[in-house]
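Analysis of the macromolecular model
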Amino acid sequence: MNKIQFNISGMTCTACASAIERKVGQINGVTSAVINFSNEKLVVHHDPDLAPASLIISTIEALGYGAELDDQDKTAPINKKETGQPAYQSQIDAVKFRLIASLVFTLPLVYLAMGPMLGLPIPGFLAGEQNLLLNALTQMFLTLPVIFLCRHFYVNGFKALAKRIPNMDSLVAVGTSASFIYGVVVLFILAYGFSYDNMALIHHYSHELYFESTTVILVLITLGKFLETKAKGKTSQAIEKLIALVPDKARVLRNNIEVEIAIDAVQVNDIVIIRPGERIPVDGEILTGHSSVDESLLTGESLPVEKTVGDFVISGSINKTGSFEFKATKIGQDTTLSKIIQLVEEAQSSKAPIARIADEISRFFVPAVMSISLLTFVIWMILGYGLSFALSAAISVLVISCPCALGLATPTAIMVGTGKGAEKGILFKNGPALEILGKSNTIVFDKTGTLTIGSPSVTDIILYDPEIDSNQLVQLTASLENKSEHPLSEAIIKEATTRQLSLDYPDTFESLSGFGIQGQIGDKKILVGNIKLMERNGLTVESIMADYLRLSDLGKTPLLVGWNQSIKGIIGVADVIKENSYQAVSQLKAMGIDVYMLTGDNERTAQAIGSMVNIDNVVANVLPHEKASMIKRLQSQGHQVIMVGDGINDAPALAQSDVGIAIGNGTDVAIESADVILMQNDLMNIVAAIQLSKATLRNIKQNLFWAFIYNVIGIPLAAGALYIPFGLKLNPMFAAGAMSLSSVSVVLNALSLKTFKVKLLPIRKNELNQTVIKAELPLNKMIETKEGKNMKKLLKVADMSCQHCVKRVDGILNGFEGITDVSISLEEGQASFTASENVDMNAVTTALTEAGYPTSDITA
């Protein structure tokens with residue numbers, strides 16, 4: 001199934017949108033058709049062979065609406081800037097002209113009709129009983145231009161009525177037509193009275209002209225449309241700001257000559273030149289130079305980011321101080337900025353589940369109102385209140401009813417909410433994600449790369465020789481590690497760089513698989529590795545075992561460093577906790593959300609990390625493929641689950657969860673599987689996303705409440721329900737004004753989301769000392785097969801340093817009969833597999849340990 005998007009024109013209320021959805025949805029080959037009345041876009045999932053775009057367009061046009069394909073050419077340049085003014089601005093200008101022109105005729109008409117009642121002077125040739133007929137004719141001729149200016153109400157309204165899909169225009173057209181026709185009838189009655197000198201007849205009907213009601217209703221509804229269109233335009237400002245980030249030109253090297261070209265002429269692998277203060281036109285990798293880059297409008301990060309050779313820059317960000325050249329890697333709609341715009345547009349065009357309530361009501365709303373109006377007219381006529389009174393009540397019912405308020409309640413809030421999220425670097429892929437996120441009561445975090453940084457860093461330096469300092473220990477170790485390809489080497493070298501230490505070149509270097517590394521630097525033969533390496537070289541380890549085990553229990557990797565026949569120190573390396581992990585988790589708990597952590601680590605390490613980030617429920621020993629099962633089990637227990645992850649292994653769990661949140665610097669697979677994307681690597685944005693979701697949902701409920709209550713109160717009041725007991729009757733002009741204001745109030749309430757700010761809740765200090773609870777892995781580890789019972793196993797395999805180690809461990813495990821589904825993780829130092837009940841696990845661990853990879857069974 002393909003997805004295609006159309007721009008729809010001619011809609012006036014949600015009845016129009018519902019009619020289009022129903023008709024398009026009935027086409028063979030269309031699986032879904034969702035229209036957003038607020039931004040006038042239709043998204044269709046269809047089989048292009050059975051339901052081509054031309055058929056969909058012709059179906060919509062047959063209903064009396066306009067439709068054209070939205071420009072989604074993926075090869076097109078990203079800058080979709082309007083060559084003139086924005087489309088919504090053209091709508092505002094058109095409505096504004098119609099409003100002003102209508103007022104030019106309506107104001108004198110109202111003065112003529114209401115002036116005598118207020119004792120105001122009117123021109124002599126229109127004053128007095130003798131000029132009543134001329135006055136009435138003048139009112140009619142002032143009404144005709146207003147009807148012409150607002151003719152779209154009649155064209156669209158009666159056309160929709162003829163097709164049996166009445167909409168808001170139908171209500172306005174029928175009501176004002178009845179008012180105008182009644183005025184014309186009164187005009188003839190007055191003419192008849194003057195012809196036959198029937199002054200009693202003239203006096204009776206001289207105050208029952210409804211021309212001013214016709215024009216005032218049209219003007220007030222046009223005023224409402226003007227305010228509504230203007231307010232709706234503001235809901236699109238988030239996308240406009242993003243589009244405005246793209247420069248029109250780019251400076252590139254062509255044949256070693258610097259040339260300025262249009263943005264759409266930039267090609268992949270072009271060398272782009274950026275100077276201070278310029279916007280970056282496309283995504284790319286810096287080749288020469290360095291600078292700080294402001295990415296705030298894309299990621300929400302307020303501080304500029306330092307960039308140097310090898311770093312990536314993204315389109316739309318602003319270069320601050322330095323100059324650099326970069327190679328274009330992504331252009332057009334493949335750039336990060338373009339994808340952000342696409343995500344925001346898709347989210348704004350989608351429909352939240354709560355919108356179904358309004359959709360169902362809107363489908364029957366207009367026919368029901370017309371029926372109530374007719375019933376009102378008949379009842380008042382039967383009760384003997386006369387044609388004028390009955391017609392006035394019926395018209396009031398028609399013009400006070402507002403399907404627009406119902407239709408705007410949800411989409412405007414979603415448009416503003418998703419736009420506000422984009423400003424903060426939070427991208428919602430669709431409306432349902434925005435709604436469901438705020439309703440969720442459980443959140444599950446992956447550990448590596450989510451709660452932790454995802455790359456090892458030096459966390460501890462313990463010295464055992466008083467004659468050396470930490471800088472010397474790090475400098476010598478890094479000098480040796482600089483020759484190694486072990487993942488932990490990067491952490492040691494990064495620490496030396498941070499300390500601004502210069503590295504020596506080893507005279508000799510040797511990598512010892514399963515033990516560590518050794519080499520000669522000057523007169524020192526340096527050993528860096530595990531306990532076995534030290535014992536193998538005759539160094540005693542008894543005095544350092546307490547520190548070694550303490551670091552191991554905390555989930556850290558202790559690297560022993562020794563020379564001259566003694567251990568000089570331990571360098572602890574670990575994947576450290578992110579700066580805001582503790583605060584984010586504490587805020588989520590304060591919001592009443594249950595927090596879980598998934599990790600493949602053993603129980604002791606997992607509980608230590610859980611304690612650091614204030615997570616009570618820790619699930620250890622989780623294999624990659626078991627994450628989705630964990631989510632599923634929580635859902636079966638009645639939890640609405642948010643999953644937060646960043647890796648390929650998290651994709652199934654992200655897809656299984658009610659709402660998946662991917663960290664923006666995670667893998668593309670995780671981002672594709674998620675419903676919400678965080679552009680910053682800051683977990684506090686999860687708190688912001690949930691609070692924004694709650695605020696948007698609350699705003700939608702407020703909008704729906706006021707839209708419902710307005711119609712529930714307004715329609716009976718207009719029908720005259722309070723006239724007999726209290727003498728209260730609603731004039732059609734006031735009804736029209738109330739109708740216009742109802743739509744405007746809904747849009748303005750949605751715009752209040754623009755002021756959204758994250759609210760930090762107070763955190764109890766005693767939460768720091770809470771006990772970490774072991775959360776049982778909700779999986780059945782035992783699998784029954786025809787051959788017998790199989791057991792899932794997870795082993796902690798130490799001292800694997802490269803892919804050769806991985807292959808060796810894999811070969812040993814697969815060499816045992818009864819072991820299948822072997823999976824090795826070098827990063828986490830683990831091996832998972834399925835073993836039959838006949839496999840001797842002691843023999844397995846012994847074989848791996850003897851091969852130089854100390855192994856322990858950590859399966860629960």
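Residues numbered from 1 in each chain as written. Predicted model: local features only at pLDDT ≥ 70, side-chain atom pairs only at ≥ 80, totals over all residues. Heavy atoms only, no water.

Per an unreviewed UniProt entry, the chain goes by the name Copper-exporting P-type ATPase and belongs to Acetobacterium wieringae. In UniProt, the chain has this text filed under Sequence similarities (unreviewed entry): "Belongs to the cation transport ATPase (P-type) (TC 3.A.3) family. Type IB subfamily." You can read under Catalytic activity (unreviewed entry) in the UniProt record for the chain the words "Cu(+)(in) + ATP + H2O = Cu(+)(out) + ADP + phosphate + H(+)". (UniProt positions renumbered as here; feature names shortened; annotations may be inferred.)

As for the overall build of the chain
Check the secondary structure of the chain and you find 30 helices and 32 strands. Residues classed as buried in the chain amount to 53% of the 860 residues present. Contacts in the chain between residues at least 24 apart in sequence constitute 70% of all its contacts with a sequence separation of at least 6. Roughly 37500 Å² of accessible area belongs to the chain as shown, and the carbon and sulfur atoms make up 56% of that amount. (Helix = DSSP H or I, 4+ residues; strand = E, 2+ residues; numbered from the N terminus. Buried < 20%, exposed > 50% of the residue type's maximum accessible area, 1.4 Å probe, protein only. Contact = heavy atoms within 4.5 Å. Areas by Shrake-Rupley, 256 points an atom, 1.4 Å probe, with all protein chains shown as cover.)

Describing the nonpolar core
Ile8, Ile20, Val24, Leu42, Phe445 and Ile686 are the most contacted members of the largest nonpolar core, which has 128 residues in total. Among the elements that take part in this core, helix 26 (residues 684–719) stands out by supplying 16 residues, more than any other. The residues touching isoleucine 686, leaving out its near neighbours within four places in the chain, are Ile443, Phe445, Leu588, Val644, Ile661 and Leu678. Grouped together as the second largest cluster of nonpolar side chains are 28 residues, Val272, Ile340, Val344 and Ala422 included. (Core = buried A, V, L, I, M, F, W, Y, C linked by side-chain atoms within 4.5 Å.)

A look at the pairing of strand 18 (residues 516–521)
A regular strand carries its side chains on alternate faces of the sheet. Taken together, the five bridges between strand 17 (residues 508–512) and strand 18 define a ladder with antiparallel strand orientation. Paired with phenylalanine 509 across the strands is glycine 519, a residue of strand 18. Hairpin connection, strand 17 to strand 18: the antiparallel pair is bridged by three residues, and glycine 514 has positive phi, about 85°. Pairing of strand 18 with strand 19 (residues 524–529), which is carried by six bridges, proceeds in the antiparallel orientation. Paired with glutamine 520 across the bridge in strand 19 is lysine 525. Connecting strand 18 to the antiparallel partner strand 19 that follows it, the hairpin turn spans two residues, and glycine 522 within it adopts a positive phi of roughly 65°. (Pairing = 2+ DSSP bridges.)

Quick notes on a nonpolar patch on the surface
A cluster of nonpolar side chains, Leu375, Ile379, Leu383, Tyr385 and Ile724, forms an exposed patch at the surface whose accessible area comes to about 480 Å². Here isoleucine 724 lies in helix 27 (residues 723–726). (Patch = residues over 30% accessible without salt bridge, like charges linked within 9 Å, V, L, I, M, F, W, Y side chains within 5 Å. Salt bridge = Lys/Arg side-chain N within 4 Å of Asp/Glu carboxyl O.)

Regarding the environment of glutamine 518
As for its placement among the helices and strands, glutamine 518 is situated in strand 18. C-alpha of glutamine 518 to C-alpha of threonine 508: the two residues are 10 residues apart in sequence and 8.2 Å apart in space. Once you skip the residues sitting within four places of it in the chain, glutamine 518 turns out to touch Leu480, Thr508, Phe509, Glu510, Leu512, Lys525, Ile526, Leu527, Leu533 and Asn537.

A few points about the sheet that holds strand 1 (residues 2–9)
Sheet architecture is open: four strands sit in the order 2-3-1-4, paired in antiparallel fashion. Two strands in the sheet have a free side with no partner beyond their single neighbour: strand 2 (30–36) and strand 4 (66–69). Across the sheet, the mean angle from the axis of one strand to that of its neighbour is 25°, orientation sign disregarded. Strand direction decides the pairing type here: strand 1 and strand 3 (residues 41–46), joined by six bridges, are antiparallel. Within strand 3, the position partnered with asparagine 7 by the bridge is lysine 41. The sheet strands contacting helix 2 (residues 53–62) are strand 1, strand 3 and strand 4, and the helix crosses strand 4 at an angle near 160°. (Axes fitted to C-alpha atoms, helices over the stretch in contact; angles between N-to-C directions.)

Some words on the sheet that holds strand 13 (residues 324–330)
Spatially, the six strands line up as an open sheet ordered 6-5-7-13-8-11, and their pairing is antiparallel. For this open sheet the edge positions go to strand 6 (257–262) and strand 11 (312–313), each flanked by a neighbour on one side alone. Relative to strand 13, strand 8 (residues 283–289) runs antiparallel, the two sharing six bridges. Bridge pairing in strand 13 places aspartate 283 opposite lysine 330.

Examining helix 30 (residues 841–850)
Turning to helix 30, its buried residues number three or more, namely Met841, Val844, Thr845 and Leu848. The buried residues of helix 30 all sit within an arc of 90° when viewed along its axis, so they share a single face. Exposed residues lying more than 90 degrees from the buried face of helix 30 are Asn842 and Glu850. At the N-terminal end of helix 30, a side-chain oxygen is found 3.1 Å from the backbone nitrogen of asparagine 842, two or three residues along, and the residue is aspartate 840. Just beyond helix 30, the residue with positive phi is glycine 852, at close to 100°. (Arc of directions from axis to C-beta. Polar contact = N/O pair within 3.5 Å; in protein donor to acceptor, adjacent residues only side chain to side chain.)

Here we look at the packing of helix 15 (residues 431–439) against helix 26
Running from N to C, helix 15 and helix 26 point in directions that differ by 105°, and their axes come no closer than 7 Å. Our classification of the angle between helix 15 and helix 26 gives roughly perpendicular. Contacts between helix 15 and helix 26 involve Leu434, Glu435, Leu437, Gly438 and Lys439 from the former and Ala689, Ile690, Ser693, Lys694, Thr696 and Leu697 from the latter. (Parallel < 35°, antiparallel > 145°, perpendicular 65-115°, else oblique.)

Re the packing of aromatic side chains
For the coordinates displayed, the defined rule picks out 11 aromatic pairs. For the ring pair tryptophan 380 and tyrosine 385, a centre distance of 4.9 Å and an interplane angle of 85° mean the geometry is edge-to-face. Under the relative-accessibility criterion, tryptophan 380 is labelled buried at 5%. Classification of tyrosine 385 by relative accessible area gives partly exposed; the value is 35%. (Phe/Tyr/Trp six-rings, centres within 6.5 Å; stacked < 30°, edge-to-face > 60°.)

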